[in-house]
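Commentary on secondary and tertiary structure
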Amino acid sequence: MRLYQMADAVRYELMNTEDLRDTFLLEELFQPGEIEFAYVDLDRTVIGSAVPTKGALKLETEPELRADYFLERRELGVLNVGGPGSVTIDGKTFDLDKLDCLYVGRGSKDVSFTSNDAANPANFYLLSYPAHAEYPTAMVKFADLKGLELGSVETCNKRTIYKAIYKEGIKSCQLVMGFTLLASGSNWNTMPAHTHMRRSEVYFYFDVDPAHRVFHLMGPPEATSHLVVADKEVVVSPGWSIHAGVGTKNYGFCWGMGGENQAYDDMDGIAIAELR
Ligand SMILES: O=C(O)C(=O)C[C@H](O)C(=O)CO
Ligand SMILES: [Zn+2]
């Protein structure tokens, strides 16, 4: 498991493009036939991917977790952004089509991932945080999610927010998770931007056309930088950083958060004219 040590806002000021990419951007997840993880010291976030092809992929514990099994002290969010597949948890199977989301509660022991068709594999995005209580495992189908329409064509940020694991949805210990789909012709996410010191956020970009990129904006509002992000790459956003982006074409992204406040709208908004 790769280990990422987050920079603070002071070290951020000294970082060049490569430093920023090495620290805040996760590349090379989603390898066919593999399950992969990275451990981020901030909020003890574990970010991963599972792309089952020939057989099932098992969620094994990692030495760094010092746990008898992966979810001994953790909870897990799963979003499928690929072909149809399933997740089996202690003998119970959940079928996940594209954009279906699953919450796996603390204490779940045997977890495995399969694809229905190795030629069109499921792409499971995984996000896990420590959990101090046990909440029931639950799945929500994309068709059952009520989207929140935000933005407009005029401001190039027309998009739909789908909340899956949150205060009024699937209950969790600290994980908040959902995704946002940009409308055709709209390119900006999370603009006007915000920060939230009470929790860190992880952006996982998907359905980014291979010939296109998202310019992800980060940093304190008065000193922003950008990361050029390709499909299925992940950006970690500390509480002091904005997280927003503009694509050269529309795309989707999964947002997930860990921290002490699960209210989705706990955000400190920043006027566009304040950004530097
Ligand atoms: O497009 C957006 O706006 C978002 O998706 C915002 C994220 O959900 C977020 O930053 C939540 O804190
Ligand atoms: Zn946010």
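Parameters at a glance
- Residues numbered from 1 in each chain as written.
- Chains lettered and ligands numbered in written order.
- Predicted model: local features only at pLDDT ≥ 70, side-chain atom pairs only at ≥ 80, totals over all residues.
- Helix = DSSP H or I, 4+ residues; strand = E, 2+ residues; numbered from the N terminus.
- Rg over C-alpha atoms; globule rule 2.2 N^0.38 Å.
- Buried ≥ 20, exposed ≤ 12 C-beta atoms within 10 Å, placed from the backbone.
- Contact = placed C-beta atoms within 7 Å.
- Pairing = 2+ DSSP bridges.
- Core = buried A, V, L, I, M, F, W, Y, C linked by C-beta atoms within 7 Å.
- UniProt positions renumbered as here; feature names shortened; annotations may be inferred.
- pLDDT = per-residue confidence, 0-100.

Another point: the overall build of the protein. What the protein contains, in helices and strands, is 2 helices and 24 strands. The C-alpha atoms of the protein give a radius of gyration of 18 Å, which matches the 19 Å a tight globule of 276 residues would have. Residues counted as buried form 44% of the 276 residues belonging to the protein. Across the protein, every contact between residues at least 6 apart in sequence was considered, and the portion connecting residues at least 24 apart equals 72%.

Right, let's get into the sheet that holds strand β23 (residues 252-259). Strand order in the open sheet formed by 7 strands is β2-β21-β18-β23-β15-β14-β13, with antiparallel pairing between adjacent strands. Among the strands making up the open sheet, the edge pair consists of β2 (25-26) and β13 (148-150). Of the strand pairs in this sheet, strand β18 (residues 199-206) and β23 are connected by 8 bridges, and their pairing is antiparallel. If you follow Phe-204 over to β23, its bridge partner there is Cys-254.

Val-78, Phe-204, Tyr-205, Phe-253 and Cys-254 are the most contacted members of the largest nonpolar core, which totals 67 residues. In contact with Tyr-205, other than residues within four places in its own chain, are Val-214, Val-229, Asp-231, Glu-233, Tyr-251 and Phe-253.

As a further point, take the UniProt feature "binding site: Zn(2+)" (unreviewed entry) in the protein. Those residues carrying the UniProt feature "binding site: Zn(2+)" (unreviewed entry) are His-194, His-196, Glu-201 and His-243 in this numbering. Despite a sequence span of 50 residues, these residues sit close together in the fold, their greatest C-alpha distance being 11.4 Å. Mapped onto the fold, Glu-201 is located in strand β18. Excluding residues that lie within four positions of it along the chain, Glu-201 makes contacts with Ser-237, His-243, Trp-255 and Met-257.

Bringing the pairing of strand β21 (residues 234-237) into the picture now. By the alternation rule, side chains of β21 split into Val-234 and Val-236 and Val-235 and Ser-237, which are all buried. Pairing of β2 with β21, which is carried by 2 bridges, proceeds in the antiparallel orientation. For Leu-25, the partnering residue across the bridge sits in β21 and is Val-235. Of the pairings in the sheet, the one linking β18 to β21 comprises 4 bridges and is antiparallel in character. If you follow Phe-204 over to β21, its bridge partner there is Val-234.

For the rest of this paragraph, the subject is the confidence of the model for the protein. For the protein, per-residue confidence averages 98 on the pLDDT scale, and residues scoring 70 or more make up 100% of the total. Scored by ipTM, the complex comes to 0.99, with pTM at 0.98.

Our next topic: the sheet that holds strand β10 (residues 111-115). Taken in spatial order, the 4 strands of this open sheet run β5-β10-β7-β8, and their pairing is antiparallel. The two strands at the open ends of the sheet, each matched to only one other strand, are β5 (57-58) and β8 (92-96). Relative to β10, β5 is paired through 2 bridges, and the arrangement is antiparallel. The residue bridging Leu-57 from the neighbouring strand is Phe-113, located in β10.

Time to look at the environment of His-196. Here His-196 shows up in the loop between β17 (194-195) and β18. Taking the C-alpha atoms as reference, His-196 lies 11 Å from Pro-220; in sequence the two are 24 residues apart.

The next subject is the pairing of β18. With 8 of its 8 residues buried, β18 lies for the most part within the structure. What you see with β18 is no split at all: Arg-199, Glu-201, Tyr-203 and Tyr-205 on one side and Ser-200, Val-202, Phe-204 and Phe-206 on the other are buried throughout.

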